[in-house]
Amino acid sequence: MDGRFLVGLIGANIGTSMSPALHEREAGRHGVRYLYQLIDPTLLGLDGRDIGELITAARRLGFRGLNITHPYKQDVVKHLDELSPEAALLGAVNTVLFDGERATGHNTDRYGFAQGLARRLPDVATGHVVQVGAGGAGAAVASAIAGTGTRLLTLADLDSDRANRLARAIMRSSGTTVEVIAPADVSGRLRQADGLVNATPLGMEGHPGMPVPADHLRPEMWVADVIYRPLETELIRAARHRGCRVADGGGMVVYQAAASFRLFTGLTPDEERMYADFEAL
Ligand code: NAD
């Protein structure tokens, strides 16, 4: 590697992504030349079926790697030569690394959520956690939660097949028991829970609302959200108001970016500095 890195992000509606700034600022401080290119297939007149073509093209054009985001994290898997153990477990890839002819898929979202939670809520109890949302982000969250030694993870998603698939994957790979419940039953399960995580789009720009009524949040609980636009979702605001300890979605963004930067460059990012960048953006 000659100290020049061409990388990119493939996803839909990524025009306002913070990833270029997060990566390029950190690269600048390491004294390497780094270009982070946004590639939105929908703007190129392409769709999900063409993701394999884009991966091949990027490799041939000399990209070091790619980040992959919604809605391609699962579709990309079949176009790769190899998967890291985490990407294989989650069935989802957010980072592709090229090495000659080979493309390897990684998943840094799990690390992102785990680090974000540890930074904002160090030492909170995670014996029983309730999680709403079992999609792409939800899979990474559930795996990260299980990694904290959680005894019981209660999982709810409007798509119960999705929730059951994720529950099986987590139980195969950890000592955590995962129970799947209907979204309507979440409020009742909060009575005994240590914490609640929102991994649905509810609360993001264009998706107002929150996954549970505010009056079911107990002050002893912690509450985390994966949404970062806005950083203060209705859920985070309500939880803070009721006295809960909270973690917004910013940590996951910053730490997944830092882990991808490390994969692309082999350099050790300064995660606190990247966090400060995120807060300033
Ligand atoms: P996704 O579409 O893959 O999954 C969302 C899941 O939520 C779906 O399975 C859906 O059925 C479920 N759901 C929706 N409304 C629900 C409800 N009311 N009750 C129960 N389940 C419900 O989406 P995703 O890629 O997982 O993204 C989810 C959110 O996470 C988005 O807002 C995205 O911006 C955010 N996200 C944040 C980060 C980060 O770094 N902080 C990373 C990835 C995604």
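All of these numbers come straight from a predicted model, not from anything done at the bench.

Calculation rules
- Residues numbered from 1 in each chain as written.
- Predicted model: local features only at pLDDT ≥ 70, side-chain atom pairs only at ≥ 80, totals over all residues.
- Pairing = 2+ DSSP bridges.
- Helix = DSSP H or I, 4+ residues; strand = E, 2+ residues; numbered from the N terminus.
- Core = buried A, V, L, I, M, F, W, Y, C linked by C-beta atoms within 7 Å.
- Buried ≥ 20, exposed ≤ 12 C-beta atoms within 10 Å, placed from the backbone.
- Domains from an automatic or database assignment.
- Contact = placed C-beta atoms within 7 Å.
- pLDDT = per-residue confidence, 0-100.
- Near = placed C-beta within 6 Å.
- Nonpolar A, V, L, I, M, F, W, Y, C, P; charged D, E, K, R; others polar.
- Axes fitted to C-alpha atoms, helices over the stretch in contact; angles between N-to-C directions.

**Student:** Please set out the pairing of strand S6 (residues 102-106) residue by residue, giving values where relevant.
**Tutor:** Sheet analysis places strand S4 (residues 82-83) next to S6, joined by 2 bridges and oriented parallel. Pairing of Leu83 across the sheet is with Gly105, part of S6. Here strand S5 (residues 95-99) folds back onto S6 in antiparallel fashion, the turn holding 2 residues, of which Gly100 has a positive phi close to 60°.

**Student:** Give me the lowdown on unusual backbone geometry, citing residues and values where you can.
**Tutor:** Between His70 and the following residue, Pro71, the backbone shows a cis peptide bond with an omega angle of 0°. Locating Pro71 in the fold gives a position in the loop between strand S3 (65-68) and S4. Residue Pro230 follows Arg229 across a cis peptide bond; omega there is 0°. The phi dihedral of Asn13 falls on the positive side, at around 55°, and the residue is not glycine. Topologically, Asn13 is positioned in the loop between strand S1 (4-10) and helix H1 (19-29). Residues other than glycine seldom take positive phi values, yet Asp123 does so here, at roughly 70°. With respect to the helices and strands, the residue Asp123 is situated in the loop between helix H4 (109-120) and strand S7 (128-132).

**Student:** Quick rundown of the nonpolar core? Include the residues and the values.
**Tutor:** In this structure, Val141, Ala142, Leu155, Val223 and Val254 are the most contacted members of the largest nonpolar core, which totals 82 residues. With 9 residues, the top contributor of residues to this core is helix H9 (residues 250-265). Residues lining this core come from more than one domain, with at least three contributed by each of domain 1 (4-107 + 252-280) and domain 2 (110-248). Other than its neighbours up to four places away in sequence, Val141 contacts Phe113, Gln131, Val197, Ala199 and Val226.

**Student:** How would you explain the confidence of the model for the protein chain if you had to name every residue and give the values?
**Tutor:** This prediction gives the protein chain a mean pLDDT of 96; 99% of its residues lie at or above 70. Model confidence for the complex is summarised by a pTM of 0.95, with the ipTM given as 0.99.

**Student:** So what's going on with the site of the ligand? Residues and values would help.
**Tutor:** In the region of the ligand, 29 residues are neighbours, and Gly135, Gly136, Ala137, Gly249 and Met252 sit closest. Only H4, helix H5 (136-147) and H9 provide two or more residues apiece to the shell around the ligand. A class-by-class count of the residues in the shell around the ligand yields 16 nonpolar, 9 polar and 4 charged. When we break the shell around the ligand down by domain, the ones giving at least three residues each are domain 1 (4-107 + 252-280) and domain 2 (110-248).

**Student:** Describe the domain arrangement of the protein chain, with residues and values.
**Tutor:** Under the domain assignment, the protein chain is made up of domain 1 (4-107 + 252-280) and domain 2 (110-248). Among the elements of the structure, helix H3 (85-90) and H9 are those that each provide at least two residues to the side of domain 1 that touches domain 2. Top element by residues in the side of domain 1 that touches domain 2 is H9. It accounts for 5 residues. Of the residues in the side of domain 1 that touches domain 2, the class split is 7 nonpolar, 4 polar and 2 charged.

**Student:** Now, about the environment of Leu66: what can you tell me, with residues and values included?
**Tutor:** Tracing the sequence through the fold places Leu66 in strand S3. Taking the number of C-beta atoms within 10 Å as the measure of exposure, Leu66 has 28 and is therefore buried. C-alpha of Leu66 to C-alpha of His128: the two residues are 62 residues apart in sequence and 35 Å apart in space. Discounting chain neighbours no more than four positions away, the residues touching Leu66 are Val7, Gly8, Leu9, Ile10, Ala58 and Val96.

**Student:** Explain the sheet that holds strand S10 (residues 195-198) to me, using residue names and the numbers behind them.
**Tutor:** The 6 strands are arranged S9-S8-S7-S10-S11-S12 in an open sheet whose pairing can be described as parallel. Strands with a single pairing partner mark the edges of an open sheet, and in this sheet they are strand S9 (177-181) and strand S12 (245-247). The mean angle between the axes of side-by-side strands here comes to 20°, regardless of whether they run parallel or antiparallel. Sheet analysis places S7 next to strand S8 (residues 152-156), joined by 5 bridges and oriented parallel.

**Student:** Provide a residue-level description of the sheet that holds S5, including the pertinent values.
**Tutor:** The sheet built from 6 strands is open, its strands ordered S2-S1-S3-S5-S6-S4 with mixed pairing. Sheet topology places strand S2 (33-39) and S4 at the edges, where each strand pairs with a single neighbour.

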